[in-house]
Amino acid sequence: MRGGPGGPCGPGGVLVLGEALIDLVPMPSEPEARRAQPGGAPANVAVGLAHLGTSVAFAGALGGDGFARSIERRLVGAGVDLSLCARSELPTALAVADPGETGTGYHFHLHDTATFRFPDRAADAGRFGAVYVGGLAAVVEPAARAVASTARAAARNSLLVVDPNVREDRTIDPCRAIGLLRDLCASAHVVKASDEDLLRLWPDRDPDESCRRLAAEGRLVVMTRGARGSTGYTPDAPPVSVPAVPVDVVNTIGAGDAFMAGVLAWLGTAGGWERALSPGRTEHMLTFASQVAASVVTQTGTEPSAPAHV
């Protein structure tokens, strides 16, 4: 399903809007050293979709440094269309990964970078079957304005998919960020969020209750819980839970993004962008996405692969 001469536009294509940056991750053999690894949740989702055979365009921004060139090689090598990607001579944003027992934290170097300087793509949203937004770009200016406008257009003319992917850092105003992400979730047709994301967005509610409320308003909602599996919520059926695939975990960076790519790829091919799924189809979708995520956590990189069977 990768775009031919006409690119990825069309009912089967996905527009991914957000950041492509560099993760500085610890090296297993030398924990005090850091390896530069292309990342950013939206870029990871775009690459994951391409690896899963889905036609995808990435509409972020790339800088003028060596990091940007490595990011571009990754995206192009996977088969991602970059015709809507902005360019700048500014440097690339950096995310310093800090893995811990409860997950991976990040410290960011974001400002005065090319990464968040991309235009509003509202005029392009209706040309795609689905539009994905989320990550840092949803809350860091000037990208946040472009994300909000494009999301509003996608909610009217396409399938809007939101992964809030809440990040905390001294450079990010938490109150404003939470408000922006709640607004995106309110506009979305599909919301994928971790239980930690949901607690940060609605700290006075149990994550399950937050998902039920979002689903009751007509959305497909997917909550991930790491090693404890995932649950899907639809407007007219009971929630469906699927356990995580049992694997030897090497790395958790990018697992949630791979899961998101799996959900989107499944919806575009098996579901036809349907979001009112039966319990059986919800289970099938979650199982597929879980297997895609498992293909990432068993390696040191973030490149997923399609399951041989589900």
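Here the structure is shown first, and the text comes after it.
The numbers attached to residues start from 1 for each chain and follow its sequence in the written order. Totals for whole chains, interfaces and linings use every residue, but because this is a predicted model, local features are given only for residues with pLDDT of at least 70 and side-chain atom pairs only at 80 or more, for both listing and counting. As a convention, hydrogens and water are excluded, and side-chain values are obtained from all of the structure's heavy atoms.

Caption draft 1: Broad picture of the pattern of salt bridges. We define a salt bridge as a side-chain nitrogen of Lys or Arg found within 4 Å of a carboxyl oxygen belonging to Asp or Glu. Enumeration over the complete set of coordinates arrives at twelve salt bridges. Of the charged contacts in the structure, one is a salt bridge between arginine 200 and glutamate 168, with a shortest N-O distance of 3.5 Å. Of this pair, arginine 200 sits in helix 6 (residues 195-201) while glutamate 168 sits in the loop between strand 10 (159-163) and helix 5 (174-187), and the two are 32 residues apart along the sequence. Relative accessible area decides the class of each residue, using a 1.4 Å probe on protein chains only: under 20% of the type maximum gives buried, over 50% gives exposed, and in between gives partly exposed. Looking at arginine 200, the relative accessible area reads 33%, which means it is partly exposed. We classify glutamate 168 as exposed; its relative accessible area is 55%. Between arginine 219 and glutamate 217 there is a salt bridge, with its nearest N and O atoms 2.6 Å apart. Counted as one network, the salt bridges with shared partners bring together Arg121, Asp124 and Arg127. In DSSP terms, a helix is any run of H or I states spanning at least four residues, a strand is any run of E spanning at least two, and both are numbered starting from the N terminus.

Caption draft 2: Region of interest: helix 8 (residues 255-269). With 15 residues, helix 8 should cover 21 Å at 1.5 Å per step; its first-to-last C-alpha distance of 21 Å lies within 8% of that length. For helix 8, the tally of buried residues reaches 13 of 15 residues, placing the bulk of the element in the interior. Each helix should span, by expectation, one fewer than its residue count multiplied by 1.5 Å.

Caption draft 3: Just helix 7 (residues 207-216), in detail. Three or more residues of helix 7 are buried, namely Pro207, Ser210, Cys211, Leu214 and Ala215. One side of helix 7 carries all its buried residues, which in axial view fall inside an arc of 130°. Looking at the packing, one finds that the buried side of helix 7 touches helix 5, strand 11 (190-194), helix 6, strand 12 (220-224) and strand 13 (230-234). As used in this structure description, the phrase polar contact means that two N or O atoms lie within 3.5 Å; if the pair is within protein, one of them must be able to donate a hydrogen and the other to accept it, and residues adjacent in sequence are counted only when both atoms belong to side chains. In this structure aspartate 206 caps helix 7, since a side-chain oxygen of it lies 2.9 Å from the backbone nitrogen of aspartate 208. One or two positions beyond helix 7, positive phi appears at glycine 218, with a value near 105°. Relevant arc is that of directions from the helix axis to the C-beta atoms, nothing else. Note on contacts: a residue pair is in contact if any heavy atoms of the two residues lie within 4.5 Å.

Caption draft 4: Looking closely at the environment of glycine 229. Of note, glycine 229 is situated in the loop between strand 12 and strand 13. Apart from residues no more than four positions distant in its own chain, glycine 229 is found in contact with Met223, Thr224, Val242, Pro243 and Ala244.

Caption draft 5: Region of interest: the packing of helix 1 (residues 41-51) against helix 8. Orientation is described by lines fitted to C-alpha atoms, with helices fitted over the stretch in contact, and by angles between N-to-C directions that extend from 0 to 180 degrees. As a packed pair, helix 1 and helix 8 sit with axes 8 Å apart at the nearest point and diverge in direction by 50°. By the angle class used here, helix 1 and helix 8 are oblique. For the element pair helix 1 and helix 8, the recorded crossing hand is right-handed. Contacts between helix 1 and helix 8 pair Ala41, Asn44, Val45, Gly48 and Leu49 from the former with Asp257, Met260, Ala261, Leu264 and Ala265 from the latter. Any angle from 65 to 115 degrees is called roughly perpendicular, while one under 35 is roughly parallel, one over 145 is roughly antiparallel, and all others are oblique. Should the near helix be turned anticlockwise from the far one by less than a right angle, the crossing is termed left-handed; should it be turned clockwise, right-handed.

Caption draft 6: The arrangement of the side chain of threonine 92 in detail. Position of threonine 92 among the secondary structure elements: in the loop between strand 6 (86-87) and strand 7 (94-100). Threonine 92 sits in the buried class, given a relative accessible area of 8%. Engagement of the side chain of threonine 92 in a polar contact is seen with the side chain of aspartate 65, the distance being 2.8 Å. A polar atom in the side chain of threonine 92 sits 3.5 Å from the backbone nitrogen of alanine 68. The residues contacting threonine 92, other than those within four sequence positions of it, are Ala20, Leu21, Ile22, Gly63, Asp65, Phe67, Ala68, Ile71, Thr113 and Thr115.

Caption draft 7: Region of interest: the packing of helix 4 (residues 143-157) against helix 5. In the contact formed by helix 4 and helix 5, the axes pass within 10 Å of each other and the chain directions differ by 15°. By the angle class used here, helix 4 and helix 5 are roughly parallel. Between helix 4 and helix 5 lies a crossing of left-handed hand. Residues Ala144, Val147, Ala151 and Ala155 of helix 4 form the contact with helix 5, whose own contacting residues are Arg176, Leu180, Leu184 and Ser187. Under this grouping Gly is polar, as are all residues other than the nonpolar Ala, Val, Leu, Ile, Met, Phe, Trp, Tyr, Cys and Pro and the charged Asp, Glu, Lys and Arg. Of the residues assigned to the contact of helix 4 with helix 5, the class counts are six nonpolar, one polar and one charged.

Caption draft 8: Fine view of the pairing of strand 1 (residues 10-17). For strand 1, a buried count of six out of eight residues is recorded, marking the element as mostly surrounded by other parts of the structure. Two strands pair under a simple rule: DSSP has to find at least two bridges between them. Bridge count for strand 1 against strand 9 (residues 128-134) is five bridges, and the pairing is parallel. Within strand 9, the residue paired with glycine 10 across the bridge is phenylalanine 128.

Caption draft 9: Focus on unusual backbone geometry. Cis peptide bonds are those with omega within 30 degrees of zero, and the linkage from glutamate 141 to proline 142 qualifies with 5°. Topologically, proline 142 is positioned in the loop between strand 9 and helix 4. Positive phi outside glycine occurs at aspartate 112, with the angle close to 60°. Relative to the assigned elements, aspartate 112 resides in the loop between strand 8 (103-109) and helix 3 (122-125). Residue aspartate 112 is classed as exposed on the basis of its relative accessible area, which comes to 58%. Even without being glycine, asparagine 165 reaches a positive phi, approximately 45°. With respect to the helices and strands, asparagine 165 occurs in the loop between strand 10 and helix 5. Overall, asparagine 165 belongs to the buried group, its relative accessible area being 11%.

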